[in-house]
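Secondary and tertiary structure notes
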Amino acid sequence: MTEETQTADILDMTVGIVANYLSNNRLDPDQVGALITATHAALSNVGQPEPLLVETYDRVSSAQVRKSMTDDGLVSFIDGKTYKTLRRHLTTNGLTPDEYRDRYGLPSTYPIVAPAYSAARSEMAKAIGLGAKGRKSKSDATAPAKAPSSKK
């Protein structure tokens, strides 16, 4: 089908649809032009792929970033709730920490874990001896070294 034939077919369909609509419905004369334009545009776009919707997100200000970071928790820009750690919240919303930072214009140093929660977890790990591999414990350091026994 050539371009001219297709255009003529669309015009014929537009005239038929608008004429049938106007024969059954009352419309002000100044609205007929808009009806013709809308009908022609709709028929011209038949078979064309729908345009992709691009979600846009507002970038947060530096004041909002400062307010979102409290010692007890981090306020999510997705739902406004406070979380000790954002990792699970982000994965349930289909985001990685880097995608979250990019989406809202956050610096790469923006934390994913609240400072108080991080400190508490660190203290707990130190208390049970995690990360002390290769180091002597306090009890070993204070104990006197054994003298080599000499057998004669």
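These notes cover the structure that comes with them. (Residues numbered from 1 in each chain as written. Predicted model: local features only at pLDDT ≥ 70, side-chain atom pairs only at ≥ 80, totals over all residues. Heavy atoms only, no water.)

Attention now goes to the pattern of salt bridges. As enumerated under the stated definition, the model contains 1 salt bridge in all. Note that arginine 101 and aspartate 98 form a salt bridge whose closest N and O atoms lie 3.3 Å from each other. With a gap of 3 residues between them, arginine 101 and aspartate 98 both fall in helix α5 (residues 97–104), about one helical turn apart. On the accessibility criterion, arginine 101 (12% relative accessible area) is buried. Since its relative accessible area comes to 52%, aspartate 98 is described here as exposed. (Salt bridge = Lys/Arg side-chain N within 4 Å of Asp/Glu carboxyl O. Helix = DSSP H or I, 4+ residues; strand = E, 2+ residues; numbered from the N terminus. Buried < 20%, exposed > 50% of the residue type's maximum accessible area, 1.4 Å probe, protein only.)

What follows covers the packing of aromatic side chains. This structure, assessed with the given rule, holds 4 aromatic pairs. Aromatic side chains phenylalanine 77 and tyrosine 104 sit 5.8 Å apart centroid to centroid with 35° between the ring planes, which places their arrangement in the tilted category. Separated by 27 residues along the polypeptide, phenylalanine 77 in the loop between β1 (74–75) and β2 (82–83) and tyrosine 104 in helix α5 bring together distant segments of the chain. Judged by relative accessible area, which is 8%, tyrosine 104 ranks as buried. One aromatic cluster in this structure is built from Phe77, Tyr100, Tyr104 and Tyr110. (Phe/Tyr/Trp six-rings, centres within 6.5 Å; stacked < 30°, edge-to-face > 60°.)

Another aspect to go through is the environment of aspartate 72. For aspartate 72, the location among the structural elements is in the loop between α3 (62–68) and β1. Assessed through its relative accessible area of 63%, aspartate 72 is described here as exposed. Separated by 44 residues in sequence, aspartate 72 and alanine 116 place their C-alpha atoms 5.7 Å apart. Residues in contact with aspartate 72, not counting those within four places in the same chain, are Lys84, Ala114 and Ala116. (Contact = heavy atoms within 4.5 Å.)

Everything listed is a geometric property; what it means functionally is a separate question.
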